[in-house]
Amino acid sequence: SKKADLLDWAYYNRDILTRHQLVATGTTGTMLEQKLKVPVQKLLSGPLGGDQQVGAMIAERKLDAIIFFWDPLSSQPHDSDVKALIRVAVTWNIILACNRTTADFILTSSLLNEDYRVTVPDYSAYLNRKI
């Protein structure tokens, strides 16, 4: 239910966004590509596995930020996928905007144009635990 808001925000910020490699799930990627007139790497549709693809890209350190507008007051058919995606982003300390205000703060941050080293928590104890 937030695709229109995301597209409006993206168009308003197109000069900044088009300097970056954009990745999106199916329909959103197609809509962004048409609106911004730039190539967007399109994954599967969110409910068909695209959300998991994004999560895998986070775990593989292939994404720096996620701009994902969602409406917490509306139920989504792939709600569990959305929650898993947000959990993975937080786990790997990835920049995450779930609304327009946060996305605006991210794009206007002076850190956006600097090399920024994301601090990833040490999960070795968790990974090495015996079950």
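Before reading on, note that the structure itself is shown above.
Computed from a predicted structure; not experimentally measured.

## As for the overall build of the protein chain
Consideration 1: Along the protein chain, the regular secondary structure elements total seven helices and four strands.
Consideration 2: Going from N to C terminus, the protein chain has its helices and strands arranged as α-α-β-α-β-α-β-α-β-α-α.
Consideration 3: Relative to the 2.2 N^0.38 estimate, which gives 14 Å for 131 residues, the radius of gyration of the protein chain is 15 Å and therefore close to what a compact globule would have.
Consideration 4: With respect to the principal axes defined by its C-alpha atoms, the protein chain has extents near 50 × 40 × 25 Å.
Consideration 5: Put simply, the protein chain has 131 residues, and 32% of those count as buried.
Consideration 6: A sequence separation of at least 24 residues applies to 58% of the contacts in the protein chain between residues at least 6 apart.
Consideration 7: Accessible surface, the protein chain: about 8,900 Å² in total, of which carbon and sulfur atoms supply 54%.
Consideration 8: With 15 positive and 14 negative side-chain charges, the protein chain shows a separation of 3 Å between the mean positions of the two kinds.

## Some remarks on the environment of Lys 37
Consideration 1: Mapping Lys 37 onto the fold places it in the loop between helix H3 (26-36) and strand S2 (41-42).
Consideration 2: Spatially, the C-alpha atoms of Lys 37 and Tyr 11 are 9.9 Å apart, while their sequence positions differ by 26 residues.
Consideration 3: Here the side chain of Lys 37 touches Gln 34 through a polar contact of 3.0 Å, landing on its backbone oxygen.

What counts, and at which threshold
Residues numbered from 1 in each chain as written. Predicted model: local features only at pLDDT ≥ 70, side-chain atom pairs only at ≥ 80, totals over all residues. Heavy atoms only, no water. Helix = DSSP H or I, 4+ residues; strand = E, 2+ residues; numbered from the N terminus. Rg over C-alpha atoms; globule rule 2.2 N^0.38 Å. Buried < 20%, exposed > 50% of the residue type's maximum accessible area, 1.4 Å probe, protein only. Contact = heavy atoms within 4.5 Å. Areas by Shrake-Rupley, 256 points an atom, 1.4 Å probe, with all protein chains shown as cover. Lys, Arg positive; Asp, Glu negative; His and termini not counted. Charge placed at Lys NZ, Arg CZ, Asp CG, Glu CD. Polar contact = N/O pair within 3.5 Å; in protein donor to acceptor, adjacent residues only side chain to side chain.

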